[in-house]
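Coordinate analysis (summary)
The chain contents come next:
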Amino acid sequence: MLSKELYIRKNCYRVERCRFCKSTKVVKNGKRPTKLKLPSLSEQPLRFRLYKQRYFCRECHRTFSAKTELTQRHRSITRRARQVIHSLAKETSPVKNIAKIVGVSASSVQRILYANKTANVTPHGLPKALCFAEFRSTRGRFSFICIDAKTHDCSYSKIACLRRSKNIFSIITF
């Protein structure tokens, strides 16, 4: 798939104060091109070339770029593309389809969807009742799994690739 350059735009506003020291001795210091990813149009990825104005502070001798409302800081996927990703995920579309529709990689879609998620925490103790099961997993190997019997809570769920007793006891003891 070829990406299509959509627009070339420059930041229009002038920065009055330094971001770091709040001094008013700020001068223009060139432009920095950035490529932003927009939601695709008929499955063709769109790229938005934005030239951000660079500034130099004569007080603290540091440089910085003008801000834009199109993206978050240090991001290349626009806020609109992130909204499209979230809305497609709510419709239970697969990650690869979302990536193809929006014009970003599947790993970027997963990173956006799971940005504020936390991993399951290991519980402090075992429940009173557990369900155990043995099943044949990949490559014909037997595996072992256990979950909470009353609530069917998967936070206790562990899978051991081998069904030897030492491997099973190592996942059950918390």
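The text that follows walks through the structure, step by step, so that each part is easy to find. What you see is a predicted model; the values in this text were computed from it and never measured. (Residues numbered from 1 in each chain as written. Predicted model: local features only at pLDDT ≥ 70, side-chain atom pairs only at ≥ 80, totals over all residues. Heavy atoms only, no water.)

1. A short note on the side chain of Ser-108
- Looking at the element boundaries, Ser-108 is found in helix 3 (residues 106-113).
- For Ser-108, a relative accessible area of 7% puts it in the buried group.
- A distance of 3.1 Å separates the side chain of Ser-108 from the side chain of Arg-111, its partner in a polar contact. (Helix = DSSP H or I, 4+ residues; strand = E, 2+ residues; numbered from the N terminus. Buried < 20%, exposed > 50% of the residue type's maximum accessible area, 1.4 Å probe, protein only. Polar contact = N/O pair within 3.5 Å; in protein donor to acceptor, adjacent residues only side chain to side chain.)

2. Things to note about helix 3
- Along helix 3, the positions that sit buried rather than exposed are Ser-108, Val-109, Ile-112 and Leu-113. For helix 3, the buried positions fall inside an angular range of 130 degrees around the axis, keeping them on one side.
- Packed against the buried residues of helix 3 are helix 1 (79-90) and helix 2 (95-102). (Arc of directions from axis to C-beta. Contact = heavy atoms within 4.5 Å.)

3. Let's talk about a positive patch on the surface
- Side chains of Arg-17, Lys-22, Lys-67 and Arg-73 sit close together on the surface and give a patch of like positive charge.
- Along the chain, Arg-73 turns up in the loop between strand 4 (63-65) and helix 1. (Patch = residues over 30% accessible without salt bridge, like charges linked within 9 Å, V, L, I, M, F, W, Y side chains within 5 Å. Areas by Shrake-Rupley, 256 points an atom, 1.4 Å probe, with all protein chains shown as cover. Salt bridge = Lys/Arg side-chain N within 4 Å of Asp/Glu carboxyl O. Lys, Arg positive; Asp, Glu negative; His and termini not counted. Charge placed at Lys NZ, Arg CZ, Asp CG, Glu CD.)

4. Examining the pairing of strand 3 (residues 44-57)
- By the bridge criterion, 12 bridges tie strand 2 (residues 26-41) to strand 3 in an arrangement that is antiparallel. Each bridged residue has a counterpart across the sheet, and for Leu-41 the counterpart in strand 3 is Gln-44.
- Relative to strand 4, strand 3 runs antiparallel, the two being bridged by three bridges. Looking across to strand 4, one finds that Phe-56 is bridged to Thr-63.
- Between strand 3 and the antiparallel strand that follows it, strand 4, lie five residues; His-61 among them carries a positive phi value of about 60 degrees. (Pairing = 2+ DSSP bridges.)

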